[in-house]
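# Structure at a glance
Here is how the chains run, residue by residue.
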Amino acid sequence: MKTILLEQKKHLAVVTLNRPEAMNAFNWDMLADLEETVESIKLNPEIRTVIFTGGGQKAFSVGADLKERKTLNEQQVRRNVYKIGEVFNAVDSLPQPTIAAMNGHAFGGGMELALACDFRIAQENALMGLTETSLAIIPGAGGTQRLPRLVGESKALELILTAKRLTAQEALQAGLVTKTAAGELFWDEVMNLAEAILANGPVALIQAKYAVKTGMKADLQTGLQIERKAYELTIPTKDRMEALLAFSEKRKPNFLGE
């Protein structure tokens, strides 16, 4: 059975963590498969938005496979920690907008994968958190860096040092997730967001994401220069002219990503 499933629906890719019997925990094979999948998405110009979700009904992902970890020596543990960090960096660096559809519990590495996505929508009954300190380790796949950038230093320290498990509503209040939804409405919310993104110019989506994420790492004036250069790349595109024509003809534009 494949540990990662990739389904492409026109310009939308859905990546499913497919180890439901293990609550979608990350073992070595799954990390390698996810790395390969993410690389294929990055190189596919037909994919304009990506959803990451978990197989089954219980979990998005509960993080590292602790059963596997018990069998590893220290060198192998270091290998796995390095790999999961690199794979989540690859998710974070995808040019396409990404959505974590958190259809169940998300702990440790599972939460870190969600943090590497641009948006997080959580099932209303899901629990989540960076719980590594309860296992005498720390978040090692970006959690100590991405969480404070999202919710602030003090709140991030509180959540990491207490290993608190948040309800979806608590996560929403903390700014950890974008939205919550229950039952059938969950996937409606996920698809509504994906479709709202997909309705826009593909080149513009990539350049806008690049400008925001790269600019946030720089001072304001450098960020403004990044924005200007990103804007300039949209000017010669066919999609920009199509948008102007569609506006004048009072119809929806047909964007080609060119």
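Structure: see above.
As the structure is a prediction and not an experimental result, all values here were calculated from the model.

## Things to note about the sheet that holds strand β10 (residues 179-181)
Reading across the sheet, the 6 strands line up as β1-β2-β3-β5-β7-β10 and stay open at both edges, with mixed pairing between neighbours. Unpaired on one side and paired on the other, β1 (4-9) and β10 mark the two borders of the sheet. Across the sheet, the mean angle separating the axes of adjacent strands is 20° when strand polarity is ignored. Relative to strand β5 (residues 98-102), strand β3 (residues 49-54) is paired through 4 bridges, and the arrangement is parallel. If you follow Phe52 over to β5, its bridge partner there is Ala100. Strands β1, β2 (12-17) and β3 of the sheet are contacted by helix α1 (residues 28-42), whose axis makes an angle of about 20° with β1.

## A short note on empty space enclosed by the protein
Counted according to the given criterion, the structure contains 2 cavities of 30 Å³ or more. Reported here for the largest cavity is a volume of approximately 40 Å³. Grouping the amino acids of the lining of the largest cavity by side-chain chemistry returns 6 nonpolar, 1 polar and no charged. Approximately 30 Å³ is the volume attributed to the second largest cavity. Contributing to the lining of the second largest cavity are Phe26, Leu31, Ala64, Arg69, Asn80 and Ile84.

## Let's talk about the side chain of Arg146
Looking at where Arg146 falls in the secondary structure, it is placed in helix α5 (residues 143-151). Dropping the residues within four chain positions of it, Arg146 is found in contact with Phe88, Asn89, Asp92, Leu115, Ala116 and Ala141.

## A word on helix α6 (residues 153-162)
Listing the buried residues of α6 in full gives Ala156, Leu159 and Ile160. Here the buried residues of α6 occupy an arc of 95° about the axis, which is enough to place them on one side. Summarising the geometry of α6, the exposed residues directed more than 90 degrees from the buried face are Ser154, Leu161 and Thr162. On the buried face of α6, the contacting elements are α5 and β9 (166-167). In the segment just after α6, Ala163 is the residue with positive phi, at about 55°.

Here is what the cut-offs are and how they apply
Residues numbered from 1 in each chain as written. Predicted model: local features only at pLDDT ≥ 70, side-chain atom pairs only at ≥ 80, totals over all residues. Heavy atoms only, no water. Pairing = 2+ DSSP bridges. Helix = DSSP H or I, 4+ residues; strand = E, 2+ residues; numbered from the N terminus. Axes fitted to C-alpha atoms, helices over the stretch in contact; angles between N-to-C directions. Contact = heavy atoms within 4.5 Å. 1 Å grid on protein atoms, 1.4 Å probe; cavity = no way out; pocket = protein on both sides within 12 Å on 5 of 7 lines; lining within 4 Å. Points joined across faces, edges and corners; volume = space filled by probe spheres on them. Nonpolar A, V, L, I, M, F, W, Y, C, P; charged D, E, K, R; others polar. Buried < 20%, exposed > 50% of the residue type's maximum accessible area, 1.4 Å probe, protein only. Arc of directions from axis to C-beta.

All we've got here are geometric facts, nothing functional implied.
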